[in-house]
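Chain by chain, the residues run as shown.
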Amino acid sequence: MERSILSLVNQANLEGRLRSNPTPMFFPNFFGIKEVSTLTWKTLVGEQGVPVIADVISFDSSAPIKSREVIRKLSGDIPKISIKYPMNESELNEYIRLQSDIRNDARLRSVLDLAFKDTDRAYNGVRGRIEWMALQLLSRGGFMLNPTNNDGIVTTAFVGCGMPNDNRRVSTADWSNSNTADGLQDIADAVDMAFQKGRNIRYVVMRADDFSLLRKQKSTIEALKGWLNQSGKLAPSFKVINNYLADQEFPVEIKLVKPAVRIENAAHVRKTVCPWERKRIALIEDLRVGDIQHGPIASETLASMRQNALMVKKDFITVSKWSELFMEWTKAEGHAMPVINDPEGLFILRADNNPWPLYEDTEGWEVFL
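Since the structure is predicted, the reported quantities are computational estimates derived from the model, not experimental observations.

### Structural notes on the overall build of the protein
Okay, so step 1: Counting its secondary structure elements, the protein contains nine helices and 18 strands.
Okay, so step 2: When each of the 369 residues of the protein is scored for burial, the buried share is 46%.
Okay, so step 3: Counting only contacts in the protein whose residues sit at least 6 apart along the sequence, the fraction spanning at least 24 positions is 77%.
Okay, so step 4: Entry remark: accessible area of the protein is about 19100 Å², with carbon and sulfur atoms responsible for 51%.

Okay, structure coming up:
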């Protein structure tokens, strides 16, 4: 094992590449990044809704004693997420050929793209797994790892975020049925339910294709016609629907997501999937719902690794490049877990009118990783 044999691959170029070429993803819209000192994620859950009010008492009287908030600590193991790519001899020969004929910026760009293509894929591969986990948490309240979606550890139970079971709702009709569904009322009912539990919902997050179902529903069109005092044909736009929702008793704003990741199984068969579950609508108080908690990576502190491999840390991901017998290797790894900081403030509406499956029992929040 020795350092990269690609002459253009150095610390400065690798750091610049990681800064300039991240694939756009949705999880940074909802999760911050938080470093922890161990490989255990933690979050505290308490009564974070409306406050308990004080009492009006007479002068010289003792203040009534109130019960202290009950705090629960949720925790679990932070998993290791890793991906590795080889650069074979034919690709190495192509790199050497291009490098020997650098005449202009376009040719230099081609050489750099070849040198760092595995870096891009590895770095964004780890981010993609976090995207999958984070959006599964928001749309299902947890996730399950199986051979179909993960070529590694398989969980024996649903990995829940701690969202209470009674925070789950089911629509009055399948949103796909434009004649019977009433998505705006489903949202209003879910927001009201949250309010009854002391929660002030401000954002409703859904997939773009589920929003398309909402805007085509007869009930939506009729509600907007009445609000606009308009007759005749109406094709509700995203802006008009959001303006309508902002004008209601409990104003909320719709946020759309359209994520996609590719999963490769043990047989190297790839499939593009959407990590946000279809017909699942998340209702949240704030856009930032949690953090990507990440712990220490052993290779970062090993002197032998730093001596024999080029290593760069970006956010919660460490990227390494090294060579072995005319084979260039690129690896990205992170010890990270998306954690919802206040799972009792997460509400999910199932918009297909089907009951929630038993395996999505989020009362048992233990993580089996």
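### Some thoughts on the pattern of salt bridges
Okay, so step 1: With the rule as written, the count across this model stands at 17 salt bridges.
Okay, so step 2: Two residues, Glu328 and Lys321, come together in a salt bridge whose shortest N-O distance is 3.7 Å.
Okay, so step 3: Residues joined in a network through salt bridges with shared partners are Arg207, Asp209, Asp210 and Arg278.

### Section: the packing of helix α6 (residues 218-228) against helix α7 (residues 238-246)
Think of two packed helices as two axes; the pair is described by the angle between the axes and how far apart they sit.
Okay, so step 1: Packing of α6 against α7 leaves a shortest axis separation of 11 Å and a crossing angle of 70 degrees. One way to sum up the angle between α6 and α7 is to call them roughly perpendicular. When the axes of α6 and α7 are compared, the crossing they make is left-handed. From α6, Thr220, Ala223, Leu224, Trp227 and Leu228 reach across to α7, where they touch Val240, Ile241, Asn243 and Tyr244.
Okay, so step 2: Here the residues of the contact of α6 with α7 sort into seven nonpolar, two polar and no charged.

### Points about α6
Okay, so step 1: Considered for burial, the residues of α6 that qualify are Thr220, Ile221, Leu224 and Lys225. What you see down the axis of α6 is that its buried residues fit within an arc of 130 degrees, all on one side.
Okay, so step 2: In this structure, the buried side of α6 is in contact with α4 (183-196), α5 (208-216) and α7.
Okay, so step 3: In the segment just after α6, Asn229 is the residue with positive phi, at about 55 degrees.

### Topic: helix α1 (residues 11-20)
Okay, so step 1: Those residues of α1 not exposed but buried are Leu14, Arg17 and Leu18. Projection of α1 onto a plane perpendicular to its axis shows the buried side chains occupying an angular sector of 95 degrees, all on one side. Facing away from the buried side of α1, by more than 90 degrees, are the exposed residues Ala12, Arg19 and Ser20.

### Some remarks on the confidence of the model for the protein
Okay, so step 1: With 84% of its residues at a pLDDT of 70 or more, the protein has an overall mean of 85.
Okay, so step 2: A low-confidence stretch, residues 67-71 (pLDDT under 50), is modelled with seven contacts involving residues beyond four sequence positions or located in other chains.
Okay, so step 3: Scored below 50 in pLDDT, residues 361-369 makes 32 contacts in the model with residues more than four places away or belonging to other chains.

### Thoughts on the pairing of strand β13 (residues 280-284)
Okay, so step 1: Along β13, five of the five residues are buried, which leaves the element largely enclosed by surrounding structure.
Okay, so step 2: Residues Arg280, Ala282 and Ile284 line one face of β13 and the alternating positions Ile281 and Leu283 line the opposite face, and both faces are buried.
Okay, so step 3: Pairing of β13 with strand β18 (residues 347-350) involves four bridges; the strand directions are antiparallel. Across the sheet, the residue bridging to Ala282 is Ile348, located in β18.

### Some words on the side chain of Asn150
Okay, so step 1: If you trace the backbone, Asn150 turns up in the loop between β6 (142-143) and β7 (159-160).
Okay, so step 2: Within the structure, Asn150 has its side chain in polar contact with the backbone oxygen of Ile153 (distance 2.8 Å).
Okay, so step 3: Every residue in contact with Asn150, bar those within four places of it in the chain, is listed here: Arg129 and Leu145.

### Examining the sheet that holds strand β9 (residues 203-207)
Okay, so step 1: Pairing is mixed in the open sheet, where five strands are placed in the order β8-β18-β13-β9-β10. Where the open sheet ends on each side, the last strands, each with one partner, are β8 (168-170) and β10 (253-257). Across the sheet, the mean angle from the axis of one strand to that of its neighbour is 25 degrees, orientation sign disregarded.
Okay, so step 2: Of the strands in this sheet, β8, β9, β13 and β18 touch α4, which is tilted by about 150 degrees from β18.

### Brief notes about the pairing of strand β17 (residues 327-340)
Okay, so step 1: Burial of β17 is extensive: 12 of the 14 residues sit out of reach of the surface.
Okay, so step 2: Pairing geometry for strand β5 (residues 80-87) and β17, over eight bridges, is antiparallel. Of the residues in β17, the one forming a bridge with Lys80 is His335.
Okay, so step 3: Taken together, the seven bridges between strand β16 (residues 317-324) and β17 define a ladder with antiparallel strand orientation. Residue pairing in the sheet places Ser320 in a bridge with Lys331 of β17.

Rules of the game
Residues numbered from 1 in each chain as written. Predicted model: local features only at pLDDT ≥ 70, side-chain atom pairs only at ≥ 80, totals over all residues. Heavy atoms only, no water. Helix = DSSP H or I, 4+ residues; strand = E, 2+ residues; numbered from the N terminus. Buried < 20%, exposed > 50% of the residue type's maximum accessible area, 1.4 Å probe, protein only. Contact = heavy atoms within 4.5 Å. Areas by Shrake-Rupley, 256 points an atom, 1.4 Å probe, with all protein chains shown as cover. Salt bridge = Lys/Arg side-chain N within 4 Å of Asp/Glu carboxyl O. Axes fitted to C-alpha atoms, helices over the stretch in contact; angles between N-to-C directions. Parallel < 35°, antiparallel > 145°, perpendicular 65-115°, else oblique. Left-handed = near helix turned anticlockwise from the far one by under 90°. Nonpolar A, V, L, I, M, F, W, Y, C, P; charged D, E, K, R; others polar. Arc of directions from axis to C-beta. pLDDT = per-residue confidence, 0-100. Pairing = 2+ DSSP bridges. Polar contact = N/O pair within 3.5 Å; in protein donor to acceptor, adjacent residues only side chain to side chain.

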